[in-house]
Structures are given as C-alpha cells and as structure tokens.
Amino acid sequence: MDFSPGLLILCFLVCSVVSQPGISVEPRAATVRQGESVSFRCQVGSDAAEPVEWKRTNNQALQDNVKIGPGGSVLTITNARPGNQGQYRCTVQTAAGRKSATAALNVKFAPKVRLTPAGPLRVRMGDPVSVECRAAGRPRPKMTWKRQGSTLQLVTKEANDANIIQWPVVHPEDAGVYICQAENSEGMTEIKVELFVEGGPGAPVASVSATEMTVVEGHTVMMACQASGSPPPVITWSKLRAPLPWKHTVDNGVLTLTGVGRQDSGQYICNATNEHGYSEAYTQMEVESPPYATSLPDQVKLRPGDALVLQCLAHGSHPIQFEWSRVGRPSLPAGTETTKAGKLMIARLRTSDSGTYKCVATNHIGTSEALAKVVVRAASPSQR
C-alpha cells in the first residue's frame, strides 16, 4: 500500500507515541520549563518476564539528571534542561516478545543569543559591514535590533534563522552600540556589539543636540546641528519621507519650527557635506497635544422613561480620562452609569433629569470640556 507524504508525517507525529498492546507510558507527552522536573511511568501487563528498560529513541545515553526509580517503571528528569528534550522509550520482554511504548518531552527555555562577528567592530568609513544575530530558545524567539539610547526598532534582514543588521556604506554617525534582543514566553535576552567608524582626514562628522524630543502642539522647536571637518561642511536639514514643515527656517545649522502640529512628528535629518564625503545625524520628534472634546449628541429631547446615552469623544495624546458632571448640580442623577471610554447612560429618564451635562477630557498636557443639553418632557395630549 502506498502512503502519501502527508499521511507519513501525520503517522510520525501520532504513531511515535502510540503504545503497543500490553504496555503504555503515562503521560504520553509533557511540556516543562527549564529547571522543572517531570516523571514518566511505564505501565506493563502481568505477562512481563523482565524488568522495564528505558532508552532515548535516538540511542543517546540518558543524561546525568535522568533517574530510574526502583523496579525500573518510573523515569524522572530533575532540573530539566534543553538537552533533555526528545522521546523516551520503555521496553519490556513478555511471553509474546519485546514490547515498547514512547513518551515525548518538550523543554521550554529562555533565549540564548550569539552574534557573528561578536565585536567590537572597527570599520573604515565607506566600507560595508553586517552582524548576524542568532537565538536558541523554545518557543522559537523573536529577534529585533535597536540602537542603544533609542527605542526605535531598526530595519533588518532575516535569512537562515538569523536576524542581520547591515550597513552597505558605513558613515561616521553609524558609530555606536547596537543591541540584539531575543524574546519568547520564557524571557528576554539581549546582547550588544559596538561599532567604531574610522574616517579619513577632513571627513565631516555631524551631531545633533538631542536625538529624541517630545514637544507640545503649538510650541516653537529648535534643533541644533554641529559638524566638524575640513573644509567646513555645509549643513542642511530634511525630514524622513516628508517635506519640512512650511513654517521653518534654518540658520547656522539650527532648524526652527514654528507652531508645530501633530503632523510634524517624525525623524529629522541633519546632513553635513564637504569634498571628502557626508555625514548624517538624526532627531526623532514627537508632538503631543491636549485633548479636544465633543459630545454626541450635543443636544437631545426625550420623554420620561426613555433611555439616555451620551458619548464623549476626544482627540489628543493618549491616555485620555473622561469625567461627566451635571452643570449647576452637585452630582449626577441617581442611577446614572459612566464608563472609562467616556459614555454616560441613564436607563429610565425622569423630567427632573433635564439639564446640561458636561464632559471633561484630561491628558497629561491639559483638559477640554464638551456640553450636552438634555430636555426631558412629557408628550402633550395632542401628541399622545
């Protein structure tokens, strides 16, 4: 009989832990964290003629933290480590011949990381360089690269189970410490490599006064860039993937932005150029704004017994907190419900619930108010 590849794979996963009649292992499969312990019990019928024998299915010797209990039926792994992962087979001789059953062990452990080359790296300006990051761990770790002092995740390449950071052409501003992080459900591990850039005489080297800044909407922002080199480099500013804001000036290497808005957030690039080459430095700017609140609806007419639902919405930097009150009253009507998402609800209105309701939206920068006028009036006889 022919078997398709899919059936063969399914059989490998399932059949490998299926016991023969008269013998079984409990549990058939187990998953433990590194450092934990686990036991497997081989259960055999009354016709067993010899003691139970335990072996690894790959024929490797049992490790020193694997012990077999009296009578041989229980195999215990203490302080489990990654090398203990695999399948274990118990075998017994019976009147009908040798019988066996297997159990599978999975050992989860935090990532272990290594870099190739390990560094430190000394590279001449203009040359290419790359570093591979590899991580072992269960579950399989996710790897990312970042630069020390920055929260931005760097763009990298993945190939052959490695996460690779590349510099096709090294510039002076690439010098620094780079961190590869590997993370899974068992933990996070990081490893660092330092890159030194050796430049030629006179080559420009740019630097900025701040690599990251957070500012408030409407304020004026100044970014200063300095550059060394011979002859003195020419300094220009640009913005990543967008033009500079139209309200900007550049004077003696200082970029000034007037009345910044949230759309002005992004990475700003200082470029210093002379006849020996160029150098770049970067400032990441985030513009935060106070909340701007609105109420939906802002006025409503209802009848006694109707349900009232008001939703307070706010634009601005998060997190934003909402608080409802009733203008001219010390408290909201009895039975009023409010939510963290800015909703106000009254299940059954009374005429005394008429009035103006106020929502105050607050973040770490400021506050904003929105009003909603609620009229509760019984229907006139002509409307009944």
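In this text, all values refer to a predicted model and were calculated from it rather than measured experimentally.

Definitions and limits used
- Residues numbered from 1 in each chain as written.
- Predicted model: local features only at pLDDT ≥ 70, side-chain atom pairs only at ≥ 80, totals over all residues.
- Heavy atoms only, no water.
- Domains from an automatic or database assignment.
- UniProt positions renumbered as here; feature names shortened; annotations may be inferred.
- Helix = DSSP H or I, 4+ residues; strand = E, 2+ residues; numbered from the N terminus.
- Disulfide = S-S within 2.5 Å.
- Buried < 20%, exposed > 50% of the residue type's maximum accessible area, 1.4 Å probe, protein only.
- Contact = heavy atoms within 4.5 Å.
- Polar contact = N/O pair within 3.5 Å; in protein donor to acceptor, adjacent residues only side chain to side chain.
- Pairing = 2+ DSSP bridges.
- Axes fitted to C-alpha atoms, helices over the stretch in contact; angles between N-to-C directions.

**Q** What is the right way to read the domain arrangement of the chain from this model?
**A** Accessible area lost when the parts come together is the quantity often used to give the size of an interface. Examined at the domain level, the chain breaks down into domain 1 (23–109), domain 2 (117–198), domain 3 (205–288) and domain 4 (292–376). The straight-line distance from the C-alpha centre of domain 1 to that of domain 3 is 65 Å.

**Q** For this particular structure, what's the right way to read the UniProt feature "domain: Ig-like" (unreviewed entry) in the chain?
**A** UniProt records the feature "domain: Ig-like" (unreviewed entry) at residues 21–106, 111–196, 204–288 and 291–377, using the numbering of this structure. Secondary structure across residues 111–196 comprises 0% helix and 63% strand; the distance between its end C-alpha atoms is 27 Å.

**Q** When you look at the state of the cysteines in this model, what are you seeing that I'm missing?
**A** Simply put, the disulfide is a covalent bond whose two ends are the sulfur atoms of two cysteines. Scanning the model with the defined rule gives 4 disulfides in all. Residue cysteine 133 pairs covalently with cysteine 180 via a disulfide, S to S 2.0 Å. The disulfide joining cysteine 133 to cysteine 180 has a torsion of about -80° about its S-S bond and is therefore left-handed. With cysteine 133 in strand 10 (residues 129–138) and cysteine 180 in strand 14 (residues 176–184), this residue pair connects regions lying 47 residues apart in the sequence. Each member of the pair cysteine 133 and cysteine 180 is classed as buried.

**Q** Could you clarify how one ought to interpret the environment of proline 172 in this entry?
**A** Here proline 172 shows up in the loop between strand 13 (162–167) and strand 14. Each C-alpha atom, one on proline 172 and one on glycine 328, is 64 Å from the other, the two residues being 156 residues apart in sequence. Excluding residues that lie within four positions of it along the chain, proline 172 makes contacts with Met125, Val197, Pro204, Val205, Tyr278 and Ser279.

**Q** When you look at the environment of arginine 134 in this model, what are you seeing that I'm missing?
**A** For arginine 134, the location among the structural elements is in strand 10. Sequence spacing of arginine 134 and threonine 236 is 102 residues, and the spatial spacing of their C-alpha atoms is 39 Å. Setting aside anything within four residues of it in sequence, one finds arginine 134 in contact with Lys112, Val113, Arg114, Met143, Asn160, Asp161 and Ala162. In this structure the side chain of arginine 134 is engaged in a polar contact, spanning 3.2 Å, whose partner is the side chain of glutamate 132. Of note is the side chain of arginine 134, whose polar atom sits 2.7 Å from the backbone oxygen of asparagine 160.

**Q** Quick question: what am I supposed to make of the sheet that holds strand 16 (residues 205–208) here?
**A** Working definition: the strands of a sheet are paired by backbone hydrogen bonds and lie parallel or antiparallel to each other. Pairing in this open sheet of 4 strands is antiparallel, and the strands run 16-18-21-20 from one edge to the other. In this open sheet, the two edge strands, each paired with only one partner strand, are strand 16 and strand 20 (248–251). With direction set aside, neighbouring strand axes in the sheet form an average angle of 20°. Note: strand 20 against strand 21 (residues 254–257), 4 bridges, orientation antiparallel. Paired with threonine 249 across the two strands is threonine 256, which belongs to strand 21.

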